[in-house]
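So the chains spell out like this:
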Amino acid sequence: MWRPLLRSYHFLQRSRTGVWYFRIRVPNILRDFMGCGEIRRSLKTFDLKEARIEARLLSVYAGRLFLELRRAVATGRPLTLGTMKIPDDIRTFIVQIKTADKEVTVTADPRIPGDSEGAQAALQQLFPQGVPMPSATSPSSALVAPSPRLSEVAERFRTRRGSRGRSPGTVSEYFGAIQEFIDKTGDLPIREISGKHISDYTEFLLCERKPPLSQRTVDKKLNAVAALFERAELDSDWDKKEDWPTKGHCQFKKAKRRHGQAAVDGYHAFTSDELNSIFSPERFRKNLREPHEYWLPLLGLLSGGRINELCQLLVTDIKQEGDVWLIDINAEGHKKKRLKTSAAQRKIPLHPLLIELGFLEYVELVRNFDTAVFEFPELLFPYLSYTEKNGFGGAPSKKFGRFLDRVGIVGEKKVFHSFRNNLNQSLMNLKLHLEHRSRLMGHEFNHVNVEDYSTDLPLTIVRDDFLARLPLPKVDVSVLRMSRDDFQSMLQKLANARRKQLAHEVAASQQGQPVMRVRKRIPSI
């Protein structure tokens, strides 16, 4: 029986949103050289047949890549993986010349063979006696500064974090959308971009792109492109008197997104049955290896904290004021901590169930544990890793998504953030005023009366009259609870693994061998 030489489905993985991914393991001999254990790339399709064809092509490409690298490693000849760099002097220039009887504009692109020479020949034909150059006595003629290309402005946007102090995650997301716009439109000078380019890109996103995007996602991408023109305007590469080409192309403004059709694109709250499935002791406690796998879902349900807010908590952020234990959400005490907005800084009383389950005992355990071996010893979960894009919450978010898949809760609308929807809806049902609910959730609430005259609701009232009355999953607390020894054993195993990793790195560096480290970004092919 004939069998295909390449079984492409071995390289396929389906995400919980239904998109197919290509994955292939890097051979052991090449892992130190490439700095990763696998290569992963989105195939941007929901169709299995289409994904198999793409995966087959990529597997051939990856095989050839690995073969070349093996030869390079075996022979010792130099070989580096990287992107081609465009020389700095390659850019479009525009010359505008005005005289008493004529006005001429000449545009040339040095990357097009013969373009610069042709522009010079045209100027010589128009001005046989010589091209008039700008001078103090001839203010009518002017040499216009070159218009930077989209890629140049995009790089400035990335390195300067936009213009509004955007978070690294937002900048990374925007930069990806900007790169997609450049790929679709071409790396044109930014002054040549018009509303037609934006319309064509919008049409591509809505009708041609796979997988298809919602209008809300399209608007986010258009906002990213608008940030490119904002950057150009700040750098004097765009006339402030001219509107950006993106003007009028977003279907939903920010206020309309909150109340209109775009609201259906947000995350959905868990149902009561789904919460019972998540916190079912036989499922929830199964195969736990790290303390955050146990505490983060409980904290999300009972505090409404965003996943990165909870992952970046310091031990000192769990404190007592009067007779109320609370979680202090802030951006202080560690240079890697960050908040979504200024309104996200708040204090959340600990739910009585968290105390009953031993959360304060875990905090005390970490406080007294030797966490110096970890990279971030001050954290409540000191073993977590950090990335510029996702902060400390990247890996825990993905792990929780895989847990939801295992318990049968699938779909892109049900994620860790859904716990916030549950808490917000419960507080609404308990008639907590919008102002205080917004403060507890870390949402902005702009009103002059609130800003000038309002005071915070006492923490005891928030705890006893609202949080303590939240509807809870139907679970046996005595079975759900884990002991201090369980968490100490987890931390000890993590610390031992970290010490082993550090010892390996020291030994490898002393022998002059490359040290394999976890990359922040898996290379694509």
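This is a predicted model, so every value here is computed, not measured. For every chain, the first residue of the written sequence is number 1, and numbering continues from 1 along that sequence. This being a predicted model, a pLDDT of at least 70 is required before a residue's local features are given, and a value of 80 or more before pairs of side-chain atoms are given or counted; all residues contribute to the totals for chains, interfaces and linings. Excluded from the side-chain calculations are hydrogens and water; all other atoms, namely the structure's heavy atoms, are used.

Colleague: Looking at this structure, how should I read the environment of Leu 302?
Modeller: The way it works is that DSSP assigns letters per residue, a run of H or I at least four long becomes a helix, a run of E at least two long becomes a strand, and they are numbered from the N terminus. Residue position: Leu 302 is located in helix H11 (residues 291-303). Distance in space between the C-alpha atoms of Leu 302 and Ala 468 is 9.3 Å, their sequence separation being 166 residues. Throughout, a residue-residue contact means that at least one pair of heavy atoms, one from each residue, lies within 4.5 Å. Apart from residues no more than four positions distant in its own chain, Leu 302 is found in contact with His 351, Leu 353, Leu 354, Leu 467 and Leu 472.

Colleague: I would appreciate a short explanation of the packing of helix H4 (residues 150-159) against helix H7 (residues 215-234) in the present structure.
Modeller: Orientation is described by axes fitted as lines to C-alpha atoms, over the contacting stretch for helices, and by angles from 0 to 180 degrees between their N-to-C directions. Two elements in contact, H4 and H7, have axes separated by 9 Å at closest approach and are oriented at 85°. Between H4 and H7, the interaxial angle falls into the category roughly perpendicular. Counting all contacts with H4, which are made through Leu 150, Val 153, Ala 154, Arg 156 and Phe 157, the residues of H7 involved are Ala 227, Leu 228, Arg 231 and Ala 232. An angle below 35 degrees is treated as roughly parallel, one above 145 as roughly antiparallel, one from 65 to 115 as roughly perpendicular, and anything else as oblique.

Colleague: It is not clear to me how the pattern of salt bridges should be interpreted in this structure. Could you clarify?
Modeller: Working definition: two side chains of opposite charge can pair if their charged atoms are close together. One side-chain nitrogen of Lys or Arg within 4 Å of one carboxyl oxygen of Asp or Glu is enough to make a salt bridge. Per the stated rule, a full pass over the model turns up 22 salt bridges. Between Asp 243 and Lys 247 there is a salt bridge, with its nearest N and O atoms 3.4 Å apart. Lys 247 shares its class with Asp 243; the two are exposed. Linked through salt bridges whose partners overlap, the residues forming this network are Arg 156, Arg 231, Asp 235 and Asp 237. Partly exposed describes any residue whose relative accessible area lies between the buried limit of under 20% and the exposed limit of over 50%, with all areas from a 1.4 Å probe on protein chains only and scaled to the type maximum.

Colleague: Would you take a moment to explain the confidence of the model for the protein for this structure?
Modeller: Detailed reading of the predicted coordinates is not advisable wherever pLDDT is low. Looking at the protein, the pLDDT average stands at 78 and 75% of residues meet or exceed 70. The predictor attaches a confidence to each residue, called pLDDT, with possible values from 0 through 100. Ranking the elements of the protein by mean pLDDT puts helix H8 (residues 254-259) last, at 46, and helix H14 (residues 359-368) first, at 96. In this model, residues 131-144 is a region of pLDDT below 50 whose contacts with residues beyond four sequence positions or in other chains number 16 contacts. Below a pLDDT of 50 lies the segment residues 255-263, which in the model reaches ten contacts outside its immediate sequence neighbourhood of four places, other chains included.

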